[in-house]
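# Survey of secondary and tertiary structure
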Amino acid sequence: MGSTSAENDKGSVGRRDLIKRSAALGLITVPTMSFLSACASGGGDDDSGNDTPKGKTTKDNPFGAEKGSKLDVVIFKGGYGDNYAKVWEADFQKKLGITSSHTGTQEITGKLQPRFNAGTPPDIVDDSGAQQIKVDVLNKNGQLLDLAEVLDAPSVDDPSKKVRDTLIPGTLDPGTFEGKVVALNYIYTVWGLWYSGKLFKEKGWEEPKTWDDFLAICTDAKKQGIGGLAHQGKYPYYINVAIMDLIAKTGGLDAMKAIDNLDPKAFVGSDAAQAGVEAIYEVVEKGLLMPGTNGLTHTESQTRWNQYKAVFITSGSWLENEQLKTTPADFDMKFLPMPLLPDSKLPFEAIRAGAGEPFIIPNKAKNLAGAKEFMRRMLSKEWSTQFAKEANSLTILKDGVDSGVQLRPGTQSTVEASKAAGDNTFRYLYVDWYSEMGAAIEAASNELMAKRIQPKEWLKRAQAAVDKQAKDPASKKNHRD
Amino acid sequence: MRKGQHRFVAGFLFVPVALYLIFVIWPYIQTFGYSLTDWKGQSQTFKFVGLDNYKALFDDDVFMQAIWHNILFLIFIPAITILLALFFAFMLNAGGRSRAGGVSGVAGSSFYKIVYFFPQVLSLAIVAVLFNAVYRSDGGGLLNGVLIKLGLVDAQNPMEWLNEPKLVLWMLMIAVVWHGVGFYLVLFSAAMQSIPKDIYEAALIDGAGRNQSFFRITLPLLWESVQTAWVYLGIVAMDMFVLVSSMTQNMGAYGGGPDHKSDVMSTVMMRNFQYFGKSGYACAMGVVMLLLTLVLSVVMLRATRRDRVEF
């Protein structure tokens, strides 16, 4: 109908106009459409992506990891370094013919968040450190592989047993979300107080078993110009270890679970919580803290402690490896379970223990079979021993270190402490489950240590953090029994 | 224009504009889109939640407090930096006793210029490390060390400079001003040097003192440089991410302590974005930050507008 040229026809739209207009419309709509569709579904086309290389499954290779395939390994290079992983990868290549690309980094989030978002994550990740991508966040986004398959596979050392049954009991808990294990917390860690065996011998002090004994040593030290308790003030995470351990040991596992389960009486109305926080505040009030410790970073305060400027410090068992360079040779580092308040439900030997350093397999990994096999081998005695040698720490594998390996004094004392504790271990999970609540309690603890708030106010603020988390509709609620 | 030139010019115009659209404007639009969702930051699955994030923002005490901290920075950082820079620049260029009838700076001014400029060549991250050592909370800190030696601070109870709610913002400000003054000093110096010497000489003959020649001559003729400095420093004050996140007490992550007393919008945003996994919510904060920065830039440019003095 009619002309196709715009000049002749005034009434209808000419071809040129139409093209111009549609092009203009396209300029607007194309981005908008893709933007809208990104909002609506996003990433939906990734589902088909599991063309993971797969070889034959055999007894030694239950997942069918394919020879000649590649594995993309990312390791957090923190207190434990990343040498251990390089040793493993070399062995993996020798035994299975799977080469790997190794990335050792502290910037886990910076390097991996874009990859997760784009659907091209690595095959296996040690997701730790200050810049870890929170496991709860990754899990909420459905990015993590359910590790049941690995845990139910036969153990490398004893094929008649499942991998799951060769681990120290309870070590899978922190990586468990809604009943699924999505992160393998590989390193067996104990938390508590640390001191120098040498300083203790010099001063004739005995390991304090009660809080009064603990305060007595701190007071004695103070008289001699040494600080009592040091903590890593710039990161209130550490002093929370002390406060929360006192609460758990005083009130027993129920007091601990009340906090993890966001109980409306977790802090306010809990005698154990009150006793615990008042005990810590006593240290502050009596001036038994190392001077200035509230504002120091972890390395600053730990180094001061290594210079005998304080008797005790709070930390986990990565401390020894982290401080290797600054610890005097004769320091004789020793672990101490949190001393007891009167009428405590748990014995002195009870310790916060469990697994740290979460290893994850993204469920969009390119080489799933290889990643699973890699993780299965991490839980063999051979690799576990390698780890103890390279990183001065224990893994979650039961008796996972060959008896021939000589451990450093601090690590040795944690072995003894966990033997003495036996089943008397406990482990808070709110730290992994609810980052926001953890941060709020840390803020309150910092105020407490700086004497700006009193224990009563601390309890109120901690309870407010619990209540807020419980009410937050956006957060998935976890429960432990 | 000759034939073909149009295309040439258009090419030069089109490419940068396209790049700008793709890499600057488009992410802003995306951020706005994300801010309407409950995106958690680690995958592309999320739900549309409308303006919920924005509503939640206004109930978020931490973010509201952070805005106030930014505003405080916005008032003081530009004012202090510019005043100091102007004073030093004037002293270096026209503050000297008039020797042989000319206008000159104080003795040794070319040396001072280098010294003043020096902090500017350091990156903010290094400034943070330096000032962490200055403010260190035990006797090992420079400030505490000196004050303890002088007997002004008790060694058993040293000042925790960055852990004092009332001090922390000022401590950060000192670091920023220290870092910035040199640059603006050089900027103002350059502008001052372009002011014809005859004007000063004429003023001198008329009997003007230092103060008069500064307020009557230097400042009016420098106004445009001052205005530029104000806008740049305003942007610094709206950011402050590096110093806050690497110098102050941790509130989970990205500094902000003690008790959020040093939190600025960018640190609260990053904490929500990465540490709490509330990325959609953080995007809403980003949009608010963008709007505030835009509004403030416009207001500042308007407020400082003056007639241009020709010389």
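Bear in mind that the values here come from a model prediction, so they are computed numbers and not experimental data.

## Details of the overall build of chain A
- Helix and strand counts for chain A come out as 17 helices and twelve strands.
- A total of about 20,500 Å² of accessible surface is found on chain A, and carbon and sulfur atoms cover 51% of it.

## Digging into the nonpolar core
- In terms of nonpolar packing, the biggest core is built from 77 residues, with Trp211(A), Ile247(A), Phe267(A), Phe312(A) and Trp458(A) touching the most fellow members.
- Per-domain counts for this core show at least three residues from each of domain 1 (68-187 + 352-424) and domain 2 (190-351 + 427-475) of chain A.
- Apart from residues no more than four positions distant in its own chain, Ile247(A) is found in contact with Gly252(A), Ala255(A), Ile259(A), Phe267(A), Ala272(A), Ala273(A), Gly276(A), Tyr428(A) and Trp458(A).
- In this structure, Phe131(B), Tyr135(B), Met192(B) and Met247(B) belong to the second largest nonpolar core, which totals 63 residues.

## Section: the interface of chain A and chain B
- Tallying the contact residues gives 42 residues for chain A and 40 residues for chain B.
- Contact with chain B buries surface across chain A, with Asn117(A), Asn141(A) and Lys234(A) losing the most and accounting together for 17% of the total.
- The interface formed by chain A and chain B includes three salt bridges.
- For Arg461(A), the salt bridge goes to Asp259(B), with nearest N and O atoms at 2.6 Å.
- Where chain A touches chain B, the interface holds 16 residue pairs in polar contact (both at pLDDT 80 or more).
- For the side of chain A that touches chain B, the elements supplying multiple residues, two or more each, are helix H1 (15-40), helix H3 (108-118), helix H4 (135-140), helix H10 (298-306) and helix H16 (435-449) of chain A.
- Sorting elements by how many residues they give to the side of chain A that touches chain B places H16(A) first, with seven residues.

## With respect to the UniProt feature "transmembrane region" (unreviewed entry) in chain B
- Per the UniProt record, "transmembrane region" (unreviewed entry) is annotated on residues 7-29, 67-93, 114-135, 167-187, 229-248 and 279-301 of chain B.
- As a span, residues 7-29 of chain B carries 100% helix and 0% strand, and end to end its C-alpha atoms are 30 Å apart.

## Let's talk about unusual backbone geometry
- Looking along the chain, the bond that leaves Gly257(B) and enters Pro258(B) is cis, with omega of -5°.
- With respect to the helices and strands, the residue Pro258(B) is situated in the loop between helix H10 (241-247) and helix H11 (265-275).
- We note that Asp343(A) has phi near 60°; this positive angle belongs to a residue other than glycine.
- Within the secondary structure, Asp343(A) sits in the loop between strand S9 (333-336) and strand S10 (351-360).

## Some remarks on the pairing of strand S6 (residues 184-196) of chain A
All names here are of chain A.
- The buried fraction of S6 amounts to 13 of the 13 residues, a majority that puts the element mostly inside the structure.
- Two elements, S6 and S10, share seven bridges in a ladder whose sense is antiparallel. Directly across from asparagine 185, in S10, lies its bridge partner proline 358.
- In this sheet, strand S11 (residues 394-395) lies alongside S6 in antiparallel orientation, the contact comprising two bridges. What sits directly across from isoleucine 187, in S11, is threonine 395.

What counts and what doesn't
Residues numbered from 1 in each chain as written. Chains lettered and ligands numbered in written order. Predicted model: local features only at pLDDT ≥ 70, side-chain atom pairs only at ≥ 80, totals over all residues. Heavy atoms only, no water. Helix = DSSP H or I, 4+ residues; strand = E, 2+ residues; numbered from the N terminus. Areas by Shrake-Rupley, 256 points an atom, 1.4 Å probe, with all protein chains shown as cover. Core = buried A, V, L, I, M, F, W, Y, C linked by side-chain atoms within 4.5 Å. Buried < 20%, exposed > 50% of the residue type's maximum accessible area, 1.4 Å probe, protein only. Domains from an automatic or database assignment. Contact = heavy atoms within 4.5 Å. Buried area = accessible area lost by both parts, 1.4 Å probe. Salt bridge = Lys/Arg side-chain N within 4 Å of Asp/Glu carboxyl O. Polar contact = N/O pair within 3.5 Å; in protein donor to acceptor, adjacent residues only side chain to side chain. UniProt positions renumbered as here; feature names shortened; annotations may be inferred. Pairing = 2+ DSSP bridges.

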